[in-house]
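Single-letter residue listing:
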Amino acid sequence: MGYYSTLTRCDGVKTPQMTGSCWTCGRVFTFNPVKVPSVRDGNGVRQPICSNCMRLANKMRTDKSMVLFPIPDDAYEACDEMKLG
Ligand SMILES: [Zn+2]
């Protein structure tokens, strides 16, 4: 799934993060291994999905009036531009 690292959040708290490739687009990104949206591959291994792909998936589901996939606030970097903005 990727490798562990430690991220220092904006409030100074160090939190374990994982870095890996998005199963859909291949982009390398950092995520919370507990909260990140994921799918199981052919071997039953959890594979993370990046925020871009989740937003795209939810946009398609919005267009089809389908229930959106939940994306936890802290699934990705602890302080990303969405929260700062
Ligand atoms: Zn992706």
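Not measured: the values here are computed from a predicted model. (Residues numbered from 1 in each chain as written. Predicted model: local features only at pLDDT ≥ 70, side-chain atom pairs only at ≥ 80, totals over all residues.)

Observations regarding the overall build of the protein chain
The cut-off we apply is this: Each helix is a run of DSSP H or I of at least 4 residues and each strand a run of E of at least 2, with the numbering of both proceeding from the N terminus. With C-beta atoms placed from the backbone, the exposure class of a residue follows from how many other C-beta atoms lie within 10 Å of its own: 20 or more, buried; 12 or fewer, exposed; in between, partly exposed. Note that contacts rest on C-beta atoms placed from the backbone: two residues are in contact if these are within 7 Å.
Counting its regular elements, the protein chain contains 2 helices and 5 strands. The order of helices and strands in the protein chain, counted from the N terminus, is β-β-β-β-β-α-α. The buried share of the protein chain, taken over its 85 residues, is 12%. Nonlocal contacts in the protein chain, meaning residues at least 24 apart in sequence, comprise 42% of its contacts between residues at least 6 apart.

Some remarks on the pairing of strand β2 (residues 14-21)
So the rule is basically this: A pair of strands is considered paired only if DSSP assigns at least 2 bridges between the two.
In this structure, strand β1 (residues 3-8) lies alongside β2, joined through 6 bridges in antiparallel fashion. Residue pairing in the sheet places Y4 in a bridge with M18 of β2. In this antiparallel pair of consecutive strands, β1 and β2, the connection spans 5 residues, and G12 shows a positive phi of 90°. Note that β2 and strand β3 (residues 28-31) share 4 bridges and pair antiparallel. What sits directly across from G20, in β3, is F29. From the end of β2 to the start of β3, which pair antiparallel, there are 6 residues, and G26 there has a positive phi angle of about 85°.

Quick look at unusual backbone geometry
The phi angle at S65 is positive, at roughly 55°, despite the residue not being glycine. Mapping S65 onto the fold places it in the loop between α1 (51-63) and α2 (81-84). Classification of S65 as exposed rests on a count of 6 C-beta atoms within 10 Å.

Remarks on the environment of P33
As for its position among the elements, P33 is in the loop between β3 and β4 (38-40). When the C-alpha positions of P33 and P48 are compared, they lie 8.1 Å apart, and in sequence the two are 15 residues distant.

Some remarks on α1
Applicable threshold: To estimate how far a helix should reach, multiply one less than its number of residues by 1.5 Å.
Under the 1.5 Å per step criterion, the end-to-end length of α1 is 18 Å for 13 residues, consistent within 8% with the ideal 18 Å. Two residues or fewer after α1 comes S65, characterised by a positive phi angle close to 55°.

What about the environment of K35?
As for its position among the elements, K35 is in the loop between β3 and β4. Considered as a pair, K35 and A75 are 40 residues apart in the sequence and their alpha carbons are 4.7 Å apart. Leave out the neighbours within four places in its chain, and K35 touches P72, D74 and A75.

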